Each structure stands twice: as structure tokens, then as C-alpha cells.
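Overview (structure and organization)
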Amino acid sequence: RKEVEQDPGPFNVPEGATVAFNCTYSNSASQSFFWYRQDCRKEPKLLMSVYSSGNEDGRFTAQLNRASQYISLLIRDSKLSDSATYLCVVNKRDDYKLSFGAGTTVTVRA
Amino acid sequence: DAGVTQSPTHLIKTRGQHVTLRCSPISGHKSVSWYQQVLGQGPQFIFQYYEKEERGRGNFPDRFSARQFPNYSSELNVNALLLGDSALYLCASSLAPNTGELFFGEGSRLTVL
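Residues numbered from 1 in each chain as written. Chains lettered and ligands numbered in written order. Predicted model: local features only at pLDDT ≥ 70, side-chain atom pairs only at ≥ 80, totals over all residues. Heavy atoms only, no water.

1. Some thoughts on the overall build of chain B
When its secondary structure is counted, chain B shows 0 helices and 11 strands. Counted from the first residue to the last, chain B has its helices and strands arranged as β-β-β-β-β-β-β-β-β-β-β. Its C-alpha atoms give chain B a radius of gyration of 13 Å, within 12% of the compact-globule value 13 Å for 113 residues. Across its three principal axes, chain B shows a C-alpha extent of roughly 40 × 25 × 25 Å. Residues counted as buried form 51% of the 113 residues belonging to chain B. Summarising the internal contacts of chain B: among those between residues at least 6 apart in sequence, 52% fall at separations of at least 24. Of the roughly 5400 Å² of accessible surface on chain B, 49% is carried by carbon and sulfur atoms. (Helix = DSSP H or I, 4+ residues; strand = E, 2+ residues; numbered from the N terminus. Rg over C-alpha atoms; globule rule 2.2 N^0.38 Å. Buried < 20%, exposed > 50% of the residue type's maximum accessible area, 1.4 Å probe, protein only. Contact = heavy atoms within 4.5 Å. Areas by Shrake-Rupley, 256 points an atom, 1.4 Å probe, with all protein chains shown as cover.)

2. Notes on the state of the cysteines
According to the stated counting rule, one finds 2 disulfides over all chains in the structure shown. Across the disulfide from C23 of chain A sits C88 of chain A; the S-S distance is 1.9 Å. On the criterion of sequence distance, the pair formed by C23 of chain A in strand β3 (residues 19-25) and C88 of chain A in strand β9 (residues 84-92) is long-range, its members being 65 residues apart. Across the pair, exposure class does not vary: C23 of chain A and C88 of chain A are buried alike. Each sulfur of the disulfide joining C23 of chain B and C91 of chain B lies 1.8 Å from the other. (Disulfide = S-S within 2.5 Å.)

3. Quick notes on the side chain of H29 of chain B
Residues and elements named next belong to chain B. Within the secondary structure, H29 sits in the loop between β3 (19-24) and β4 (31-37). With a relative accessible area of 7%, H29 lands in the buried category. For H29, the side chain forms a polar contact with the side chain of S93, separated by 2.8 Å. One polar contact links the side chain of H29 to the main-chain amide nitrogen of S94, over a distance of 3.4 Å. Those residues in contact with H29, other than ones at most four positions away along the chain, are Y72, S93, S94, L95 and F103. (Polar contact = N/O pair within 3.5 Å; in protein donor to acceptor, adjacent residues only side chain to side chain.)

4. Observations concerning the interface of chain B and chain A
Opposite the 21 residues of chain B that make contact, chain A presents 19 residues. Buried surface at the junction of chain B and chain A, both sides included, amounts to about 1700 Å², of which 52% is carbon and sulfur. Three residues stand out in chain B for area buried against chain A, namely N98, G100 and F104 of chain B, and they jointly supply 28% of the buried area on that side. Across the contact surface, chain B and chain A share 4 residue pairs in polar contact (both at pLDDT 80 or more). Going through the elements one at a time, β4 and β5 (44-50) of chain B are the ones with two or more residues in the side of chain B that touches chain A. For the side of chain B that touches chain A, the residue count by class is 7 nonpolar, 10 polar and 4 charged. (Buried area = accessible area lost by both parts, 1.4 Å probe. Nonpolar A, V, L, I, M, F, W, Y, C, P; charged D, E, K, R; others polar.)

5. A word on unusual backbone geometry
With an omega dihedral of 5°, the bond running from G9 of chain A to P10 of chain A counts as a cis peptide bond. The omega torsion across S7 of chain B and P8 of chain B is -10°, close enough to zero to call that bond cis. Note that P8 of chain B resides in the loop between β1 (5-7) and β2 (10-13). Phi at E51 of chain B is positive, roughly 50°, even though this residue is not glycine.

None of this, on its own, says anything about what the molecule does.
Shown next as C-alpha cells:
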């Protein structure tokens, strides 16, 4: 079983729509959680950390459910520039590696 | 300020050859990690170096090796290349070794024929 699993999508949404997707992780020892964004043929960039109580960063909201071992990302008022692949990332305590999911592709159309 | 720089950006090799990829971290960052990203997959951890010492190694064969230099730059070496080694090799730097905030370079795209 993969450490981090994501629905690959693609999620095709119109501008202004809300889109949400989840990722699940297999290791209950996972301690830290993140969403990275990767544009086509570019490097991943940190979008936001995910905190236990949930957190917002502008139009982006991240939630963590430790009991069910999933993380979610919601994008409100989608912009064309939100089109990208969103990578779910988990990290165990004292582990030097980040475990990446395969990504969820979002395409926002005009 | 310069970000993470990697070289070469693209290269083509044949099976059995070896390759050396180079990475310069962001100034002040002492930790460098290497990841392999195959098309359609997320990055997979290969190595992490901090203060010139290997701090972690992913599930890759011994054909993969790396080192970090006194100026914190790093090299990734892959010997006896296989077709399956074709991938984007990403270098990431960070201030500390145990952080989720990685700054990636644009990567070195390796094609093995």
C-alpha cells in the first residue's frame, strides 16, 4: 500500500467555482502534513502546511483528520492560475524524508 | 536572491553509463535533499545531507550515491544507468534537516536510452 494516496483527477472546474479533494496516508505515525503545488514541468513549491485544527491561507483551506488519516484541500473562487497538480505530503517525526502523493490535477477553465 | 540551482537541466545517457548531477542550495541552507520524480508520480526521496553528513537514504539501489561539500553544494551520482532511471531529479534545500518546508530547484531531466 502506498504511503500517501491521492485521487489523480483531473478536476475540471469553471472560474469562480469551489473544488475540494482529499488525500489519505497509511502511517499513523505521520506527524506533519503539507500541500505542495507543482505546475506543469516545473518544480514543486510549498503551498501550505496543514495543522491539526485546520487552517486557511486566502482562498485555500486545509483540514486534517487524524482518526481517519486523511487530509483535504479546498480552493474557493478558483482562478485560472490555480490550474496545477497538488501534491499531498506527509512526514513522520524524526524522519528526514517527505513522502509525496502522486498528485491531484486541477484545471480551471474560463 | 538566488534559489536552488541545478545542473545540467537536461541530459541524455545510454544504458550502463554514469551521471553526475549538481546542486547549489539557497545561501544559508545547510540541508540538501535529492528526490526522483518519474512522470505521473510524486517525488520519491533518495538522500538527505545535512552539515556534510548523510542523514537519510531512501529505497534506492547502491548505484545511487551522493555527497555534500563544505560549501553545502551537493552531487548525486548514478552508476550503471538503467532505462528506469529516466526521470526528473530534484534537489531541495532547507534551513534544517527535519522540516517540511523544502525549496526545490527546477530539476535535472535525465533520459536514458
